[in-house]
Amino acid sequence: MLDFPVEYALVVFPGNQFSGEIVPALLDLADRDIIRFVDIVFVRKDEDGSIRTTELNDLDDESYRLFVPLGKQIESLFTEDDLTWAADQMPANSSAALFLWENLWMGNIRNAIISSNGILAQRGQIPDDVIVQFKDRIATGQAQ
């Protein structure tokens, strides 16, 4: 486990409107061995700011069945500090899903890097606001 780069995402649903509509897209990524979910925690922040967290195994039967294909490989790796951080990112009266996944798609690339005596020196993601700014510059003809 954890042989490939690991990433996380916090997906917030204002108004506590998590409906599960994102589940088919998540299942597709897992089914095609693009990613492997390592941990999933649901966080709810009520109007008064109180926080409740729910691990996958704590879901009601119907919700659990929705996530079972993801849960068969799930570990509990998020810490209390992680969950506190997630709750701090959320507005009151919202819910969220905190996902941790391993990027299985990196397997062939990793093997090629290793066999060519290369070293992956750094890997990252460009923040969304930087991409938006770049697109705006392109749209106004200011990109170089």
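All values derive from a computational prediction rather than experimental measurement. (Residues numbered from 1 in each chain as written. Predicted model: local features only at pLDDT ≥ 70, side-chain atom pairs only at ≥ 80, totals over all residues. Heavy atoms only, no water.)

K.L.:
Please clarify how the pattern of salt bridges should be interpreted in this entry.
P.N.:
Considering all chains together, one arrives at five salt bridges under this definition. The shortest N-O distance in the salt bridge between R32 and D28 comes to 2.9 Å. The shortest N-O distance in the salt bridge between D46 and R44 comes to 2.9 Å. Note on D46: relative accessible area 17%, which makes it buried. Take R44: its relative accessible area is 35%, and that puts it in the partly exposed class. By sharing partners, the salt bridges in this structure join R44, D46 and R52 into a single network. (Salt bridge = Lys/Arg side-chain N within 4 Å of Asp/Glu carboxyl O. Buried < 20%, exposed > 50% of the residue type's maximum accessible area, 1.4 Å probe, protein only.)

K.L.:
Would you mind going over the side chain of D46 with me for this structure?
P.N.:
Counting through the fold element by element, D46 comes out in the loop between β2 (35–45) and β3 (51–55). Separated by 2.9 Å, the side chains of D46 and R44 make a polar contact. Non-local contacts of D46, meaning those with residues more than four positions away in its chain, are made with N16, R52, A92 and N93. (Helix = DSSP H or I, 4+ residues; strand = E, 2+ residues; numbered from the N terminus. Polar contact = N/O pair within 3.5 Å; in protein donor to acceptor, adjacent residues only side chain to side chain. Contact = heavy atoms within 4.5 Å.)

K.L.:
Mind showing me how you'd approach the side chain of S94 here?
P.N.:
If you trace the backbone, S94 turns up in strand β4 (residues 94–103). Classification of S94 as buried rests on a relative accessible area of 0%. Within the local environment of S94, its side chain forms a polar contact with the backbone oxygen of P91, the two atoms lying 2.5 Å apart. Leave out the neighbours within four places in its chain, and S94 touches V12, F13, P14, G15, N16, V43, R44 and K45.

K.L.:
For this particular structure, what's the right way to read the sheet that holds β3?
P.N.:
As a general point, the strands of a sheet are linked pairwise by backbone hydrogen bonds and lie either parallel or antiparallel. Here we have four strands laid out as an open sheet, ordered β1-β4-β2-β3, and antiparallel in their pairing. In this open sheet, the two edge strands, each paired with only one partner strand, are β1 (6–14) and β3. Strand-to-strand twist of the sheet, defined as the mean angle between neighbouring strand axes without regard to direction, takes the value 20 degrees. Where β1 meets β4, nine bridges bridge the pair, whose relative direction is antiparallel. For V6, the partnering residue across the bridge sits in β4 and is E102. Most of the contacts of helix α3 (residues 80–88) go to β2, to which it runs at about 60 degrees, and overall it touches β1, β2, β3 and β4. (Pairing = 2+ DSSP bridges. Axes fitted to C-alpha atoms, helices over the stretch in contact; angles between N-to-C directions.)

K.L.:
Would you mind showing me how to read the packing of aromatic side chains here?
P.N.:
Geometry of an aromatic ring pair is reported as the spacing of the ring centres plus the angle between the planes. According to the stated counting rule, one finds two aromatic pairs in the structure shown. Ring centres of Y8 and W85 lie 5.7 Å apart, and the angle between their planes is 90 degrees; this geometry places the pair in the edge-to-face category. Here Y8 is found in strand β1, whereas its partner W85 is found in helix α3, with 77 residues between them in sequence. In this structure Y8 comes out as exposed when scored by relative accessible area, which is 51%. A centroid spacing of 5.8 Å and a plane angle of 55 degrees characterise the contact between F37 and F99, whose relative ring orientation is tilted. Placement of the pair is F37 in strand β2 and F99 in strand β4, with a sequence separation of 62 residues. (Phe/Tyr/Trp six-rings, centres within 6.5 Å; stacked < 30°, edge-to-face > 60°.)

It is worth stressing that arrangement in space is one thing and function is another; only the former is reported here.
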